[in-house]
Amino acid sequence: MPYIGSLDQGTSSTRFMIFDHAGQIVGQYQLEHRQILPFPGWVEHDATEIWQHTQEVIVGALKQANLIGADLKAIGITNQRETTVVWDVTTGLPLANAIVWQDVRTAKFLEGLPEGDKEKLRHRTGLQIAPYFSASKIHWLIANNPSVQHAIAAGSARIGTMDSWLLWNLSGGVNGGVHLTDVTNASRTLLMNLETLDWDAELLLIFGIPRALLPEIRSSSQKYAFTDPAGPLGSAIPIAGILGDQQAAMVGQACFDRGESKTTYGTGNFALLNTGTEIVRSKNGLLTTVLFQLSDQSVHYALEGSVAVTGSAIQWLRDQLGIINDVSEIERLAASVPDNGGVYFVPAFSGLFAPHWRSDARGVIVGLTRASTKAHLARATLEAICYQTRDIIDAMVADSGVPLTQMRVDGGITANELCMQMQADIMGIDITRPLIGETTALGAAYVAGLAVGFWSSTDEIKKLWQQSRQWQPRITAQSRNEGYRQWRKAIERTLNWVE
């Protein structure tokens, strides 16, 4: 039987997964890439390294599954959003390191924009004025990199999010690669108009970005191109789906209908609520974004709350502090104490995202006493993940007017049973994990499969969703409210740190 491949290019790693018709994984391979940190607040990736790893993980997954590229009916791409790549189409090489979504080097530039421009950007894109998004990264590359400037003058420069870079390479690169993106990734740039679903000329002018540098915008589910037979798949396979990673997780959780939501726990945390075909503009610090567009059907929108540092806070304990040797150790360490001992940790390493949007904030650990131990800090780190998630879910409920009684979750941290129980306790609702936890890769597979008829409809996909585990609240409302009150105090201590 044929299969669907999914290329999942994330902030920390790149992997290729192969799914059968039941949505079960039949093969996978994954490689981590370097995090390049030239200066405080700067985060970069080597796009050449990521393309090299992409080829390796495709070959590795096919080998593990004992398949060849021709066994795949199509492949989908899902990617870390906002991360920006600029390359030269004559050489096929990046002109600079990719600037990652976490990077805050453009904060001062954005603060200096006229208020009229800021309001125009918010209304037309549904986004906040923050260095998180691609537009100011593109502006920075054009303004500060002579190689980029020369390539633009020569007409050979191309810029896009990571999906565009990978699609261009997979479809032939210098030998005819296509320069496209989908509506979900385009909606994360601060350059796409939510109503027209196209690049907005006035917004491009604000950032000084020539339209010719940018990819054409397409739906999330259609045949964009075929893979180069000389590439890692060894065959001409349709590339038929593209979704930003958080939108892909929504599709992987089968959240196709208005009112459905999920939270993905990864390097950062991302909660989305499907608002159907309606553009709901947030009054509580959330983002309005494109959720998906299947072929020529109407686009679906979502409210989104983004937290910059959740899983990466655990990596910080491992890599910078040496408190743990492996991320899997945090659950045992945190469980060795009954509570946080009064310690609260706000990992605002690059400012605070939703619903605060404060680039002047920096991380704090508060409530320390002589009795505080690394176990208390480990527990406070897990609680920080849960409290930040509550912040954005509370904002989502306020915007939508629909109280949540349960939340679907996915991502690496959901394997941490203690953290998920904390999440249920802190939010006071049921937390549900699906049987297939790799929802981001699965979502990209679904949209690719829909484009080529591998799955007949979203109704067929909904029937594949199954529950793996559910957590229910165990603490009292009084304990929940007191813990949250202390968390809000800790948030206040992070503000106004960067002058």
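Everything numeric in this text was worked out from a predicted model, so none of it was measured.

Novice: Whenever I open this one, the nonpolar core confuses me. Can you help?
Specialist: If you look at soluble globular proteins, the nonpolar side chains tend to sit buried side by side. Counting 135 residues, the largest nonpolar core has Tyr 132, Leu 191, Phe 207 and Leu 382 as the members making the most contacts within it. At 13 residues, helix α12 (residues 374–400) tops the list of elements feeding residues into this core. Setting aside chain neighbours within four positions, we find Phe 207 in contact with Phe 109, Leu 110, Leu 113, Leu 121, Ala 135, Ser 136, His 139, Leu 190 and Leu 191.

Novice: I keep staring at the sheet that holds strand β17 (residues 287–292) and nothing clicks. Help me out?
Specialist: Two pairing modes exist for strands in a sheet, parallel and antiparallel, and in both the strands are linked by backbone hydrogen bonds. The strand order across the open sheet built from seven strands is β17-β18-β16-β15-β21-β22-β23, with neighbouring strands paired in mixed fashion. The open sheet terminates on both sides in strands that have one partner only, identified here as β17 and β23 (467–471). The mean inter-strand angle of the sheet, taken between neighbouring strand axes irrespective of direction, is 30°. Bridge count for strand β16 (residues 269–276) against strand β18 (residues 300–307) is seven bridges, and the pairing is antiparallel.

Novice: What should I look at first to understand the environment of Gly 252 in this one?
Specialist: The topology assignment puts Gly 252 in helix α9 (residues 245–252). Residue classification places Gly 252 among the buried positions, given a relative accessible area of 6%. Note: C-alpha distance between Gly 252 and Leu 442 (190 residues apart in sequence) is 5.1 Å. Setting aside chain neighbours within four positions, we find Gly 252 in contact with Thr 439, Leu 442, Gly 443, Tyr 446 and Trp 465.

Novice: Any chance you could explain helix α10 (residues 311–321) here in plain terms?
Specialist: An α-helical turn contains 3.6 residues, so any two residues separated by three or four positions project in the same direction. Looking at α10, one finds that the buried residues are Gly 311, Ser 312, Ala 313, Ile 314 and Leu 317. Buried residues belonging to α10 abut α11 (330–335), β19 (344–346) and α12. In the stretch just after α10, Gly 322 is the one whose phi turns positive, near 70°.

Novice: Quick question: what am I supposed to make of the side chain of Glu 82 here?
Specialist: Of note, Glu 82 is situated in the loop between β5 (72–79) and β6 (84–88). By relative accessible area, which is 1% here, Glu 82 ends up buried. Engagement of the side chain of Glu 82 in a polar contact is seen with the side chain of Arg 188, the distance being 2.7 Å. Discounting residues that sit within four places of it in the chain, Glu 82 has contacts with Ile 99, Trp 101, Tyr 132, Phe 133, Ser 134, Lys 137, Thr 161 and Arg 188.

Novice: Hey, could you run me through unusual backbone geometry in this one?
Specialist: For residues that are not glycine, phi is negative in most cases, and the peptide bond is trans in most cases. Residue Ala 354 is joined to Pro 355 through a cis peptide bond whose omega torsion reads -5°. Looking at the element boundaries, Pro 355 is found in the loop between β19 and β20 (364–366). At Asn 66, a residue that is not glycine, the phi angle is positive and equals roughly 60°. Here Asn 66 lies in the loop between α1 (47–65) and β5. Even without a glycine there, the phi angle at Leu 197 is positive, about 60°. The topology assignment puts Leu 197 in the loop between β10 (192–193) and β11 (198–199).

About the cut-offs
Residues numbered from 1 in each chain as written. Predicted model: local features only at pLDDT ≥ 70, side-chain atom pairs only at ≥ 80, totals over all residues. Heavy atoms only, no water. Core = buried A, V, L, I, M, F, W, Y, C linked by side-chain atoms within 4.5 Å. Buried < 20%, exposed > 50% of the residue type's maximum accessible area, 1.4 Å probe, protein only. Helix = DSSP H or I, 4+ residues; strand = E, 2+ residues; numbered from the N terminus. Contact = heavy atoms within 4.5 Å. Pairing = 2+ DSSP bridges. Axes fitted to C-alpha atoms, helices over the stretch in contact; angles between N-to-C directions. Polar contact = N/O pair within 3.5 Å; in protein donor to acceptor, adjacent residues only side chain to side chain.

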